[in-house]
Amino acid sequence: MAAALNALPGDAPIQFFDLKAQQASIRPALEQRWLTILDHGRYIGGPEVDECEQKLCEFTGAADAVAVGSGTQALVMPLIALGYGHGDAVFIPGFTYNATANAVLLAGATPVLVDIDPNTFNMDVEDLERKIQRVKGTRNLRARAVIPVDLYGLAADYKAIQEVADAHGLVIVGDGAQAFGAKQDGKWLGTLAEITATSFYPTKTLGGYGDGGAILVRDKEMGDLLRSIRWHGTGDNRKESIRVGINGRCDSIQCAVVAEKLGIFEGERQRRITAASIYNQRLEGKVEGQTASQADEHAYGLYTVRVPDRDAIRAKLQDAGVPTAIYYDTPIHQMPAFEQFAPARGLPECEKASREVLSLPMHPYLSEDQVHRVCDALLGALQR
Ligand SMILES: Cc1ncc(COP(=O)(O)O)c(C=O)c1O
């Protein structure tokens, strides 16, 4: 049965995200956790880190989870662990948050940009194959890894990507920063690839109260290696570096918040699904959105549609009290820092998406009436 949304009237102010409502529901427990941390004083590496990692494994079924300082670190560190750097090609979609591209470059590797599927907004697997072939035809790059991004909370097509990766000897490092809580073929994100990165940025589906992230892995040895890299590449004594590493730690306070929020996560996930199903019903056939397959359960980190004349529609929605946001109005290859990696013919679907996408309010504390009000405002704006 669909989870019931809260009972706020439709004319109550609509938030794009609502961290305040969420905080109210867990505030006493968080205050207790602050006091515990103040008492034990282990602000770094406290028991909350182990608790958070254990709970992440229990929730997702991942063999190991390593809490780190941000989603960006969660992408850089596996590339360091795998030893990828100069001369190594890492395939990423051209329509994502800039962190995906930055992570590849910070590891010293070369991002190779792949177009997206216009229906899912995720990596186009045929274009991935083409781009791998192209890299294999050059002398200066080795095809090493692929980072599919689970945009807006919809898992990339991991089955198809795994086939391509296996055929070419590539490792998959999933960028699930926006998609904690997504499922594919009944399996949770975190187990869909060998290695999955996620972010605890506060507005993510599972967010902390500051920066944080986690790396979920299928192989415990990889987990141990990442723990060493997280603490400057040290061994058990945490003094001598036995390999190159960074400060990739997630502090006790963030781990406590995430551990606490995991307790309410499933209820929140269900309410996102309920809100999204109203959007889907009301908007079907009227605006194009993101198409999930039968195998997918979308995590609805964001609810995004395509609209014509986006600025005008946005302004009308704002007048109607409906906040919106754009993720993203510039594809990776058109950002100054990454222009040198632009494919000769561009990335047509990434470019089109960046002109058309508009994200609507999406969080677990929306009321049914508010979701209808967003739909009324959008459908009205499209008609005028
Ligand atoms: C797709 C994607 N990848 C990576 C990141 C980086 O996460 P963080 O901001 O925690 O470093 C984000 C965060 O916004 C993201 O949306």
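Just so you know, the residues in each chain are numbered from 1, in the order the chain's sequence is written. Residues qualify for local features only when their pLDDT is at least 70, as the model is predicted, and side-chain atom pairs are given and counted only at 80 or more; totals for whole chains, interfaces and linings, by contrast, use all residues. Note that water and hydrogens are dropped before the side-chain values are worked out from all heavy atoms of the structure.

- The protein is annotated in an unreviewed UniProt entry as Aminotransferase DegT of Henriciella pelagia.

1. Section: the nonpolar core
For step 1, the next point in the chain: Among the buried residues, those of types Ala, Val, Leu, Ile, Met, Phe, Trp, Tyr and Cys that are joined through side-chain atoms within 4.5 Å form a nonpolar core. Accessibility here uses a 1.4 Å probe with only protein chains present; expressed as a share of the type maximum, an area under 20% marks a residue as buried, one over 50% as exposed, and anything in between as partly exposed. Counting residues in each nonpolar core, the largest one holds 72 residues, and the members touching the most others are Phe 95, Tyr 279, Leu 283, Tyr 303, Leu 360 and Leu 378.
For step 2, the next point in the chain: Here this core gets 7 residues from one element, more than from any other, and that element is helix H11 (residues 368-383).
For step 3, the next point in the chain: Two domains each put at least three residues into this core: domain 1 (24-114 + 121-260) and domain 2 (264-383).
For step 4, the next point in the chain: Counting 25 residues, the second-largest nonpolar core is a separate cluster that includes Phe 91, Val 146, Ile 161 and Ala 182. The helix count covers DSSP runs of H or I at least four residues long, the strand count covers runs of E at least two residues long, and both are numbered beginning at the N terminus. An automatic or database domain assignment provides the domain bounds reported here.

2. Considering the domain arrangement of the protein
For step 1, the next point in the chain: Along its sequence, the protein is organised into domain 1 (24-114 + 121-260) and domain 2 (264-383).
For step 2, the next point in the chain: Taking only C-alpha atoms, the centre of domain 1 and the centre of domain 2 are 24 Å apart.
For step 3, the next point in the chain: The interface is formed by 38 residues belonging to domain 1 together with 35 residues belonging to domain 2.
For step 4, the next point in the chain: Summed over both partners, the accessible area (1.4 Å probe) lost when two parts come together is defined as the buried area. Both faces combined, the contact of domain 1 with domain 2 buries some 3,000 Å², and carbon together with sulfur accounts for 67% of it. By definition in these notes, contact holds between two residues if any of their heavy atoms fall within 4.5 Å.

3. Focus: the pattern of salt bridges
For step 1, the next point in the chain: Definition used for salt bridges: Asp or Glu carboxyl oxygen within 4 Å of a side-chain nitrogen of Lys or Arg. Under the counting rule described, the total for this entry stands at 20 salt bridges.
For step 2, the next point in the chain: The closest approach of N and O atoms between Arg 130 and Asp 127, which form a salt bridge, is 3.2 Å. Separated by 3 residues within a single helix, Arg 130 and Asp 127 lie in helix H5 (residues 125-136), roughly one turn from each other.
For step 3, the next point in the chain: For Arg 130, a relative accessible area of 41% puts it in the partly exposed group.
For step 4, the next point in the chain: Two residues, Glu 194 and Arg 218, come together in a salt bridge whose shortest N-O distance is 3.7 Å. Pair noted here: Glu 194 is in the loop between strand E7 (187-188) and strand E8 (195-199) and Arg 218 is in the loop between strand E9 (213-217) and helix H7 (220-230), with a separation of 24 residues, a long-range link.
For step 5, the next point in the chain: Residue Glu 194 is classed as partly exposed on the basis of its relative accessible area of 36%.
For step 6, the next point in the chain: The class for Arg 218 is partly exposed, based on a relative accessible area of 38%.
For step 7, the next point in the chain: Ionic contacts of the salt-bridge type, sharing partners, join the residues Glu 53, Asp 64, Asp 224, Arg 227 and Arg 230 into one network.

4. Considerations on the pairing of E8
For step 1, the next point in the chain: The buried count for E8 comes to 5 of 5 residues, which makes it a mostly enclosed element.
For step 2, the next point in the chain: By the alternation rule, side chains of E8 split into Ile 195, Ala 197 and Ser 199 and Thr 196 and Thr 198, which are all buried.
For step 3, the next point in the chain: Two strands are said to pair when DSSP picks up at least two bridges between them. In the sheet, strand E5 (residues 171-175) pairs with E8 via 3 bridges, with the strands oriented parallel. In the strand pairing of E8, Val 173 is matched with Ile 195.

5. Concerning the sheet that holds strand E2 (residues 88-93)
For step 1, the next point in the chain: One open sheet holds the 7 strands; their spatial order is E1-E9-E8-E5-E4-E2-E3, and the pairing between them is mixed. The open sheet terminates on both sides in strands that have one partner only, identified here as strand E1 (64-68) and strand E3 (110-114). Taking the axes of each pair of neighbouring strands and ignoring which way they run, one obtains an average angle of 30° across the sheet.
For step 2, the next point in the chain: Note on method: axes are straight lines fitted to C-alpha atoms, helices fitted across the in-contact stretch only, with angles between N-to-C directions ranging 0 to 180 degrees. Lying on the sheet, helix H3 (residues 71-81) is in contact with E1, E2, E5, E8 and E9; it crosses E8 at an angle near 160°.
For step 3, the next point in the chain: Sitting on the sheet, H7 touches E1, E8 and E9, and the angle it makes with E1 is about 15°.

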